[in-house]
Amino acid sequence: MRNVPIIRLFVALAGATLVLSSCSTTVFDLKVGDCLVLPDDLDLSQGFELTTVKTVECNEPHQGEVIADQDVSDNDFPGAETGEYPGEEALFEKSNDICLPAFESYVGTTFDESELDLLPLTPTQDSWDKADDRAIVCIAINLNDKVTTTFKDSGR
């Protein structure tokens with residue numbers, strides 16, 4: 001099985017958004033089917049925090065597409081106190097439970113057989129504690145170059 005890197009979702013508590021010539025959005029506003037351009041300085045070799053992304057129409061050049069967006073609850077993490085941050089590892093494991101089946105359903109092939117990669121956005125401790133953030137957002141990405149079509153049912 002290929003390794004799925006983890007991205008920690010970071011909440012801008014001040015509600016800041018990045019205004020771009022296309023659509024401006026925060027990671028909280030992402031929804032299934034949104035196509036996005038990843039930041040040029042994004043280091044996918046390790047976890048990082050992401051607050052905003054540039055969303056575009058899927059017929060415009062982009063590298064990523066939101067394939068799932070699901071809230072988790074305290075009940076999803078046995079042993080954790082109610083409301084307690086479950087930790088990066090537990091969130092990463094939960095993101096695999098959500099994102100891998102969503103990938104196959106959305107893209108039309110398994111993650112292991114796909115040319116695409118998968119980036120789960122998960123809450124940070126700060127966003128979990130201060131903003132009640134419970135969202136796991138799954139993004140299929142093409143690391144090779146930008147595309148001008150949707151990943152939905154592409155079999156890529």
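This one's a predicted model, so the numbers in the text were calculated from it and none came from an experiment. (Residues numbered from 1 in each chain as written. Predicted model: local features only at pLDDT ≥ 70, side-chain atom pairs only at ≥ 80, totals over all residues. Heavy atoms only, no water.)

Participant: Describe unusual backbone geometry, with residues and values.
Facilitator: Unusually for a residue other than glycine, aspartate 132 sits at a positive phi of about 55°. Relative to the helices and strands, aspartate 132 is located in the loop between α2 (125-131) and β8 (135-141). Exposure remark for aspartate 132: the relative accessible area of 56% places this residue in the exposed category. One non-glycine residue, aspartate 153, adopts positive backbone phi at about 55°. (Helix = DSSP H or I, 4+ residues; strand = E, 2+ residues; numbered from the N terminus. Buried < 20%, exposed > 50% of the residue type's maximum accessible area, 1.4 Å probe, protein only.)

Participant: Could you give an account of the packing of aromatic side chains, naming the residues involved and the relevant values?
Facilitator: Taken as a whole and judged by the stated rule, the model has 3 aromatic pairs. On the basis of an interplanar angle of 75° and a centroid distance of 6.0 Å, the ring pair of tyrosine 85 and tryptophan 128 is categorised as edge-to-face. Placement of tyrosine 85 in the loop between β6 (64-71) and α1 (88-107) and of tryptophan 128 in helix α2 is noted, with a sequence separation of 43 residues between them. No difference in accessibility class separates tyrosine 85 from tryptophan 128, as the two residues are buried. With a centroid separation of 5.5 Å and 90° between ring planes, the pair formed by phenylalanine 103 and phenylalanine 111 is classed as edge-to-face. Judged by its relative accessible area of 4%, phenylalanine 111 is buried. (Phe/Tyr/Trp six-rings, centres within 6.5 Å; stacked < 30°, edge-to-face > 60°.)

Participant: Give me the state of the cysteines: which residues, what numbers.
Facilitator: For the coordinates displayed, the defined rule picks out 2 disulfides. Each disulfide pairs two cysteine sulfurs, and for cysteine 35 the partner residue is cysteine 58, the sulfurs being separated by 1.8 Å. Taking the torsion about the S-S bond as the criterion, the cysteine 35 to cysteine 58 disulfide, at about 90°, is right-handed. Residue cysteine 35 is found in strand β3 (residues 35-37), and its partner cysteine 58 is found in the loop between β5 (52-56) and β6; the two are separated by 23 residues along the sequence. Regarding the disulfides, the protein chain carries the connectivity 1-2, 3-4 under sequence-order numbering of its bonded cysteines. (Disulfide = S-S within 2.5 Å.)

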